[in-house]
Amino acid sequence: MPPSRVKRYQGRYALVDGIPYQMPINAKNSPALMAGFTCDWEKANALLPGNEVHALKLPNGKAALLITIINYLDTSIGKYIEYSIAIGCTHGPKPAPPILNAMMLKTYGTGQYILDLPVSSEISVKGGKGIWGMPKHKASLDFKVGDDWVTSQYEKDGQFAFRVEMRLPKGSPSFRMKIGATNYCRFRNMLMASYIYFDTKAEVNLFGKAKANLYIGDHPNVSALRNIGINPDPFFTVFMPKANGILDDHFECWFMTYDKPPTAMPEGLESVVDLGLSEDWYPDPQITDFQKYKI
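Small disclaimer: the values here were computed from a predicted structure and weren't measured.

**Describing the overall build of the protein chain**
Next, step 1: Helices and strands together make up the secondary structure of the protein chain, namely five helices and 16 strands.
Next, step 2: For a compact globule of 295 residues, the expected C-alpha radius of gyration is about 19 Å, and the protein chain comes in at 18 Å, within 12% of that figure.
Next, step 3: Viewed in the frame of its principal axes, the protein chain has a C-alpha envelope of about 50 × 45 × 40 Å.
Next, step 4: The proportion of buried residues among the 295 residues of the protein chain is 52%.
Next, step 5: Carbon and sulfur atoms make up 53% of the accessible area of the protein chain, which amounts to about 14,200 Å² in all.
Next, step 6: Each charge sign in the protein chain was given a centre, from 32 positive and 29 negative side chains, and these centres are 7 Å apart.

Written out as structure tokens, the structure reads:
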């Protein structure tokens, strides 16, 4: 939390793929929401590629759909929103046993597999995908904090994709959350693992006190999630008014292997090689008839 190697970067600079970074790579004072929903384990596991990552199994036998949206206000590559849609997972030759997978995080490589990761700016796509292999792409996003609710909507190519409405955990305990997380994803047909560390105050609601609404559209990036048996009631919600985090420059990757020879090559370097350093955003989401997509 984080490694001493990262702490020694303080006051130094880097230039990677034409992107200037002030080290360590961090974000400050950025509001964020997190929410977890249970779903069918078999169906969630089927969304994960290869044979080395497996859906995290909760004590009730379910899997976890994890939504994390951060409105980055202060980073070395400018302001942008990041919209993570993921399945809790473990890394290894076979699924990890329930309970132990949450107690022995390093042993079982517990983290999340990111299925989709829209962001607001081109420079975020270029760095996140080109360096760390994250499945970033530019989309129309917003992040609105009201008196009682925080909402965030995602549209792509003029089509509704996803929306979260989360009741703010008012009156719930606020505590310091100091935690590291592992993000897995696929790029160049390799399994990529990157590491992020949070040290921030968080407001948390669990089980019956956690309130949120999910809307999942028909866009091909997310439509499969409509069929994995999501429980519409979250088992936790978190709001971080001013999140502070560090993204480790160190990452790991492994070849993805399959039971049969792959016949198609997924997204690779061709998707980032011509990207620039623009910090411009698309217009805010405009679609209002999303009620029909409520889970």
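**Concerning the state of the cysteines**
Next, step 1: Using the criterion set out here, one finds zero disulfides in the structure.
Next, step 2: The thiol of Cys185 is unpaired, and the distance to the nearest cysteine sulfur, on Cys89, comes to 10 Å.

**A word on the nonpolar core**
Next, step 1: By size, the foremost hydrophobic cluster in this structure holds 43 residues, and its most contacted members are Leu65, Ile67, Ile85, Tyr154 and Phe162.
Next, step 2: Setting aside its immediate chain neighbours within four residues, Phe162 contacts Ile67, Tyr83, Ile85, Ser152, Gln153, Tyr154, Leu214, Tyr215, Ile216, Val222 and Leu225.
Next, step 3: Met23, Tyr80, Phe198 and Ala202 belong to the second largest nonpolar core, which has 34 residues in total.

**Side note on the environment of Ser194**
Next, step 1: Relative to the elements of secondary structure, Ser194 occurs in strand β14 (residues 190-206).
Next, step 2: Taking relative accessible area as the criterion, Ser194 reaches 1% and is therefore assigned buried.
Next, step 3: When the C-alpha positions of Ser194 and Ala243 are compared, they lie 19 Å apart, and in sequence the two are 49 residues distant.

**Digging into the environment of Gly88**
Next, step 1: Mapping Gly88 onto the fold places it in strand β6 (residues 80-91).
Next, step 2: For the pair Gly88 and Ile99, spaced eleven residues apart in sequence, the C-alpha separation works out to 13 Å.
Next, step 3: Residues within four places of Gly88 in sequence aside, it is in contact with His54, Ala55, Leu56, Ala64, Leu66, Gly111 and Gln112.

**Quick word on the packing of aromatic side chains**
Next, step 1: A complete count under the given rule lists eight aromatic pairs for this structure.
Next, step 2: Look at Tyr21 and Trp132: their rings are 6.2 Å apart centre to centre, the planes differ by 90°, and that puts the pair in the edge-to-face class. Residue Tyr21 is found in strand β2 (residues 19-22), and its partner Trp132 is found in the loop between α5 (122-130) and β8 (136-138); the two are separated by 111 residues along the sequence. Of the two residues, Tyr21 and Trp132, neither departs from the other in class, the shared state being buried.
Next, step 3: Aromatic side chains Tyr83 and Phe162 sit 6.0 Å apart centroid to centroid with 80° between the ring planes, which places their arrangement in the edge-to-face category. Taken as a pair, Tyr83 in strand β6 and Phe162 in strand β12 (residues 159-167) lie far apart in primary sequence, 79 residues in all.
Next, step 4: Tyr83 sits in the buried class, given a relative accessible area of 0%.
Next, step 5: An aromatic cluster is built from Phe160, Tyr215, Phe290 and Tyr293, whose rings are joined through pairwise contacts.

**Re the side chain of Asn45**
Next, step 1: Tracing the sequence through the fold places Asn45 in helix α2 (residues 41-45).
Next, step 2: There is a polar contact of 2.9 Å between the side chain of Asn45 and the backbone nitrogen of Ala55.

**A word on the pattern of salt bridges**
Next, step 1: Tallying each qualifying case throughout the model produces eight salt bridges.
Next, step 2: With a closest N to O distance of 3.1 Å, Lys129 and Glu267 form a salt bridge. With Lys129 in helix α5 and Glu267 in the segment after β16 (236-255), this residue pair connects regions lying 138 residues apart in the sequence.
Next, step 3: The class for Lys129 is buried, based on a relative accessible area of 3%.
Next, step 4: Residue Glu267 is classed as partly exposed on the basis of its relative accessible area of 41%.

About the thresholds
Residues numbered from 1 in each chain as written. Predicted model: local features only at pLDDT ≥ 70, side-chain atom pairs only at ≥ 80, totals over all residues. Heavy atoms only, no water. Helix = DSSP H or I, 4+ residues; strand = E, 2+ residues; numbered from the N terminus. Rg over C-alpha atoms; globule rule 2.2 N^0.38 Å. Buried < 20%, exposed > 50% of the residue type's maximum accessible area, 1.4 Å probe, protein only. Areas by Shrake-Rupley, 256 points an atom, 1.4 Å probe, with all protein chains shown as cover. Lys, Arg positive; Asp, Glu negative; His and termini not counted. Charge placed at Lys NZ, Arg CZ, Asp CG, Glu CD. Disulfide = S-S within 2.5 Å. Core = buried A, V, L, I, M, F, W, Y, C linked by side-chain atoms within 4.5 Å. Contact = heavy atoms within 4.5 Å. Phe/Tyr/Trp six-rings, centres within 6.5 Å; stacked < 30°, edge-to-face > 60°. Polar contact = N/O pair within 3.5 Å; in protein donor to acceptor, adjacent residues only side chain to side chain. Salt bridge = Lys/Arg side-chain N within 4 Å of Asp/Glu carboxyl O.

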